There are 2 protein chains.
Amino acid sequence: MSGIEDVATLAGVSKATVSRALSGRGYVSAETRTRVSAAAATLGYVVSSSASSLVTGRTNNVGVIIPEINQWFFGSIIEGVERALLDRGYDLMLYNTSKTVEERSRVFEYFLVRKRVDAVIAVTLEITAPEAERLLSLGKPIAGIGGPLVGIPTLSIDDVEAARLATEHLLLLGHRAIVHVGGDIDEQMDFHVHSKRLRGYREAIEAAGISYDPESHVATPFDIPGGYRVGKQLLGDPRRRPTAVFAACDEVGIGVILAARELGLSVPEDLSVIGIDDHPLSEMFGLTSIGQRPDLQGEQAVDWVIRQLEEPGWTPPSKHTFVPARLVIRSSTAPPRRVG
Amino acid sequence: MSGIEDVATLAGVSKATVSRALSGRGYVSAETRTRVSAAAATLGYVVSSSASSLVTGRTNNVGVIIPEINQWFFGSIIEGVERALLDRGYDLMLYNTSKTVEERSRVFEYFLVRKRVDAVIAVTLEITAPEAERLLSLGKPIAGIGGPLVGIPTLSIDDVEAARLATEHLLLLGHRAIVHVGGDIDEQMDFHVHSKRLRGYREAIEAAGISYDPESHVATPFDIPGGYRVGKQLLGDPRRRPTAVFAACDEVGIGVILAARELGLSVPEDLSVIGIDDHPLSEMFGLTSIGQRPDLQGEQAVDWVIRQLEEPGWTPPSKHTFVPARLVIRSSTAPPRRVG
DNA sequence: TAGGATTCTGGAAGCGTTTGCACACGAGAA
DNA sequence: TTCTCGTGTGCAAACGCTTCCAGAATCCTA
């Protein structure tokens, strides 16, 4: 485990020059630089990040707080963030927190409190204004996926718009009896995604002259079994059965499709289904969807925080950024069967 | 941003005492300790981990190298590792590497080269003996999930045994025409899981007096679409159709079930299916499986490395550890239909 | 009551870097 | 020729902790 001193001796220069040569800061002649690099290589030298951090005040780590790992949306974000971070020479510290308010704030305090990261990326984490201010006042850039969040640059798809798009697709096909299978709007987490998607749905059907019936919204967990259970229940009763379902995410949509099949209904003949996400499984199920790219959202968030760190004076967008979501039409949506 | 000096002044003691009081090392009177804690609290003081690391030589980070995130098995490992690490006061640095040999070794070098982690947990990463030795010689504990790996403590389920168990379950039900849908055994990654599971299958059927037919093993990617495609192909031809499928993982098994349903076959009447993993979706599909708990494997790996770090003299198991896998019987397996 | 053991505290020496400052040198400008 | 100015290098002072060592106070034990 050789230190900078050894390299300096071997290269016949001072520690200061070694530091400058290796970090690329300050003046070093080309000749010296190659000599130092060679010495470092032969000794297998590598700077001690603790020593370096101590003096520079930078850790080269960025913290990522995420409520969930084993779900496509979150997993993809992590992938995108990790890739972008490593490309730029930063390491990723992962903090998995549940969505409960208590744990959220515990992690938050934990973060604030430790001098281990240069920046933080908060995924689907509602940070209060004072918390944000405190973090910002520490000089740590922060970006959020989800939002909006006051004082913090955030990004996400436009949930209202995505829901409207999905619903309009169904309306355009001629559906009138459309049920929205979404989340529980009393769950205050996730920046009210649930209520936003519900709103988009509602606005779309009302714009089409259909009055909103609270019965046409049913809540379920955001996974395949969640969609399946609701599907079974909803489609089991022929009198209540809609001609189309707008699922708030593809997993739920897939669950609904599976339930429909099991009940002997064909998709899209007896039932159209649309989701949001463009999940990798959706293609297999022919599920029409509003696609988004969580990995790119992760990359974007990384870009924001790193630029703040590296480009003095640069500031990220001051308001929430909407990333694009586009309709991917597959075989799960079609005009409703004409029932005479 | 207050330092230890400020706390010392406020508490009316020396820096040395503050350090001792806060870290719990060395003698400090109870009275002093509370006074110091109070001072630290009012100032919002928190030790600088770089400064601390610089003198102690510990970073309190552990690196996790993992080839994949968005897959249940890997995601669960990360969850388990993260939980265990945070419980013990360590932070998790995540490195997502693909399975290609080049990238594997690049990450490996990267790791070796940087003094940023106290230990590493390598998931499904085949480290060569010299690499392992080099890592160990740096005094960094390392543990692997997957394996075995010489010189490194590793753990995994017994793939041969799990495959045998699954196949025997089918044999016991009376099946003779059993196809194994697994991975490509030429993929050298993952410690040959593919060939091990194939071996377990083969040993089981041969023990039952059935001769092994290479046609009865078909390879496909380890995901639902992979199983689906193979299922469609395999079950489409009634003459080739087996009475049972042993899928090398549950995702594949689910894909096969979906394919079967689509072809109008009922499971388990027309086809029995068994998988490995006990994936969260398996319950919904009634998939019989050999269950494993990747999260617990992650916790175990953490325990190994942390104990090495904290209990001088403690050494992890010198050979590979098999973790339990148990048969979970659901509705996808039954005796074959009697075809008279 | 002496003397060793135990508990408590402070001073100061690092830990391995980065960087401000001083200085030396050669080149171009005045 | 003298003066700047841009380069290239070294010295030494931080950076914010932990821990060794020594000394003081208290407590037992003989």
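First, a word on what this report is: a plain description of the structure on this page. What you are looking at is a predicted structure, and each value in this text was computed from that prediction instead of being measured. Position labels on residues start from 1 in each chain and follow its written sequence. Chain letters start at A and ligand numbers start at 1, both assigned in the order the entries are written. pLDDT decides what is reported in this predicted model: residues at 70 or higher carry local features, side-chain atom pairs at 80 or more are listed and counted, and totals for whole chains, interfaces and linings draw on all residues regardless. Processing note: side-chain calculations cover all non-hydrogen atoms of the structure and skip hydrogens and water entirely.

### Let's talk about the sheet that holds strand E12 (residues 326-328) of chain A
All names here are of chain A.
Link 1 in the chain: Two strands qualify as a pair provided that DSSP identifies no fewer than 2 bridges between them. Strands here mean DSSP runs of E at least two residues long; helices mean DSSP runs of H or I at least four residues long; both are numbered from the N terminus. Reading across from one edge, E7-E6-E8-E9-E10-E12 is the order of the six strands in this open sheet, with mixed pairing throughout. The sheet terminates laterally at strand E7 (217-219) and E12, the two strands that pair on one side only. Here the average twist between neighbouring strands, direction ignored, is 20 degrees.
Link 2 in the chain: Lying over the sheet, helix H11 (residues 250-262) contacts strand E6 (178-182), strand E8 (244-247), strand E9 (272-277) and strand E10 (288-291), oriented at roughly 155 degrees with respect to E9. Angular values range over 0 to 180 degrees, each being the angle between N-to-C directions of two axes fitted as lines to C-alpha atoms, with helices fitted over their stretch in contact. The contact criterion used throughout is that any non-hydrogen atoms of two residues lie within 4.5 Å.

### A few points about the pairing of strand E4 (residues 142-145) of chain B
Residue and element names in this part refer to chain B.
Link 1 in the chain: A 1.4 Å probe rolled over the protein chains alone gives each residue an accessible area, and that area as a share of the maximum for its type sets the label: buried under 20%, exposed over 50%, partly exposed in between. Here E4 shows two buried faces, one formed by Ile-142 and Gly-144 and the other by Ala-143 and Ile-145.
Link 2 in the chain: Where strand E3 (residues 119-123) and E4 come together, four bridges link them in parallel fashion. Looking across to E4, one finds that Val-123 is bridged to Ile-145.
Link 3 in the chain: We call a crossover right-handed when, viewed with both strands directed away from the observer, the connection leading from the first strand over the helix to the second proceeds clockwise. For the handedness criterion, the β-α-β arrangement of E3, helix H7 (residues 129-137) and E4 is classed as right-handed.
Link 4 in the chain: In the sheet, E4 pairs with strand E5 (residues 154-157) via two bridges, with the strands oriented parallel. Within E5, the position partnered with Ile-145 by the bridge is Leu-155.

### What to know about the protein's contact with DNA strand D
Link 1 in the chain: Any residue with a heavy atom positioned within 4 Å of a molecule or strand is treated as near that molecule or strand. Near DNA strand D there are 26 residues, and of these Ser14(A), Thr17(A), Arg20(A), Thr32(A) and Ser19(B) occur at the shortest range.
Link 2 in the chain: Counting only atoms of DNA strand D within 4 Å of the protein, the fraction found in sugar and phosphate groups is 62%.
Link 3 in the chain: Here a polar contact means two N or O atoms within 3.5 Å. Within protein one must be a hydrogen donor candidate and the other an acceptor candidate, and residues neighboring in sequence count only if both atoms are side-chain atoms. In this structure, Thr32(A) approaches DNA strand D through a side-chain N or O atom, which is 2.6 Å from a phosphate oxygen.
Link 4 in the chain: Here a phosphate oxygen of DNA strand D sits 3.1 Å away from a polar atom, N or O, in the side chain of Arg25(B).
Link 5 in the chain: For the surface near DNA strand D, the secondary-structure elements that each account for two or more residues are helix H2 (15-23) and helix H4 (49-56) of chain A together with helix H2 (15-23) and helix H4 (49-56) of chain B.
Link 6 in the chain: Element by element, the count of residues in the surface near DNA strand D is highest for H4(B), at five residues.
Link 7 in the chain: Residues are grouped as follows: Ala, Val, Leu, Ile, Met, Phe, Trp, Tyr, Cys and Pro are nonpolar; Asp, Glu, Lys and Arg are charged; all remaining types, including Gly, are polar. In terms of residue class, the surface near DNA strand D is made up of twelve nonpolar, nine polar and five charged.

### A few points about the interface of chain A and chain B
Link 1 in the chain: If you look at the interface, chain A gives 45 residues, while chain B gives 45 residues.
Link 2 in the chain: What counts as buried area is the accessible surface, traced by a 1.4 Å probe, that two parts surrender upon association, with contributions from both included. Each partner contributes to the roughly 4,000 Å² buried at the junction of chain A and chain B, and carbon and sulfur atoms together form 58% of this total.
Link 3 in the chain: Area buried by chain A at its contact with chain B is led by Asn70(A), Lys115(A) and Met284(A), which between them contribute 17% of it.
Link 4 in the chain: Criterion for a salt bridge: a side-chain nitrogen of Lys or Arg within 4 Å of a carboxyl oxygen of Asp or Glu. Linking chain A with chain B are four salt bridges, by the criterion used here.
Link 5 in the chain: The residue Arg261(A) makes a salt bridge to Glu262(B) at a minimum N-O spacing of 3.9 Å.
Link 6 in the chain: Linking chain A to chain B there are 16 residue pairs in polar contact (both at pLDDT 80 or more).
Link 7 in the chain: Every element with two or more residues in the side of chain A that touches chain B is listed here: H4, helix H5 (72-87), strand E2 (91-96), helix H6 (101-113), helix H10 (224-236), H11 and helix H12 (282-285) of chain A.
Link 8 in the chain: By residue number, the principal contributor to the side of chain A that touches chain B is H5(A), which donates seven residues.
Link 9 in the chain: Residue composition of the side of chain A that touches chain B, grouped by class: 23 nonpolar, 13 polar and nine charged.
Link 10 in the chain: Sheet analysis places E2(A) next to strand E2 (residues 91-96) of chain B, joined by two bridges and oriented antiparallel. Within the sheet, the bridge partner assigned to Leu92(A) lies in E2(B) and is Leu94(B).

### Quick word on the packing of aromatic side chains
Link 1 in the chain: Side-chain rings of Phe, Tyr and Trp, where Trp is taken by its six-membered ring, are said to pair if the distance between their centres is within 6.5 Å; with planes under 30 degrees apart they count as stacked, over 60 as edge-to-face, and otherwise as tilted. Enumeration according to the criterion identifies six aromatic pairs over all chains in this entry.
Link 2 in the chain: A ring pair is formed by Tyr201(B) and Phe246(B), whose centres lie 6.4 Å apart and whose planes are at 35 degrees; its orientation type is tilted. Of this pair, Tyr201(B) sits in helix H9 (residues 193-207) while Phe246(B) sits in strand E8 (residues 244-247), and the two are 45 residues apart along the sequence.
Link 3 in the chain: Exposure remark for Phe246(B): the relative accessible area of 0% places this residue in the buried category.
Link 4 in the chain: Aromatic rings pair up to connect Tyr201(A), Tyr212(A) and Phe246(A) into one cluster.

### Side note on the protein's contact with DNA strand C
Link 1 in the chain: Near DNA strand C there are 28 residues, and of these Lys15(A), Ser19(A), Thr17(B), Tyr27(B) and Thr32(B) occur at the shortest range.
Link 2 in the chain: Counting only atoms of DNA strand C within 4 Å of the protein, the fraction found in sugar and phosphate groups is 62%.
Link 3 in the chain: One of the side-chain N or O atoms of Thr17(B) is found 2.7 Å from a phosphate oxygen in DNA strand C.
Link 4 in the chain: Elements with a minimum of two residues in the surface near DNA strand C: H2 and H4 of chain A together with H2 and H4 of chain B.
Link 5 in the chain: Looking at the surface near DNA strand C residue by residue, the class counts come to 13 nonpolar, ten polar and five charged.

### Some details on unusual backbone geometry
It is generally the case that most residues other than glycine have a negative phi and that most peptide bonds are trans.
Link 1 in the chain: For the bond running from Val267(A) to Pro268(A), omega is 10 degrees, close enough to zero to count as cis.
Link 2 in the chain: With respect to the secondary-structure elements, Pro268(A) resides in the loop between H11 and E9.
Link 3 in the chain: Located in the positive-phi region is Asn60(A), a residue other than glycine, with phi close to 65 degrees.
Link 4 in the chain: Here Asn60(A) shows up in the loop between H4 and strand E1 (61-66).
Link 5 in the chain: In this structure, Asp277(B) is a non-glycine residue whose phi angle is positive, near 135 degrees.

### As for the nonpolar core
Link 1 in the chain: If you look at the biggest cluster of nonpolar residues, it comprises 92 residues, and the most contacted ones within it are Leu94(A), Ile121(A), Phe246(A), Ile66(B), Leu94(B), Ile121(B) and Phe246(B).
Link 2 in the chain: In this structure, Ile121(A) is in contact with Val62(A), Gly63(A), Val64(A), Ile65(A), Val81(A), Ala143(A), Ala301(A), Val302(A) and Val305(A), ignoring residues within four places of it in sequence.
Link 3 in the chain: In terms of nonpolar packing, the next biggest core, distinct from the first, is built from 50 residues, Val230(A), Val218(B), Leu258(B) and Leu265(B) among them. Buried Ala, Val, Leu, Ile, Met, Phe, Trp, Tyr and Cys residues that are joined via side-chain atoms within 4.5 Å together make up what is termed a nonpolar core.

### Points about the relation of the copies chain A and chain B
Link 1 in the chain: We superpose the copies by least squares over the C-alpha atoms of residues that have a pLDDT of at least 70 in both of them. The two copies are related by a screw operation: chain A maps onto chain B through 180 degrees of rotation and 0.1 Å of translation along the axis, at an RMSD of 0.2 Å. What the rotation and shift describe, once combined, is the action of a two-fold rotation axis.
Link 2 in the chain: Most of the interface of chain A is mirrored in chain B, where 100% of its interface residues again form contacts.

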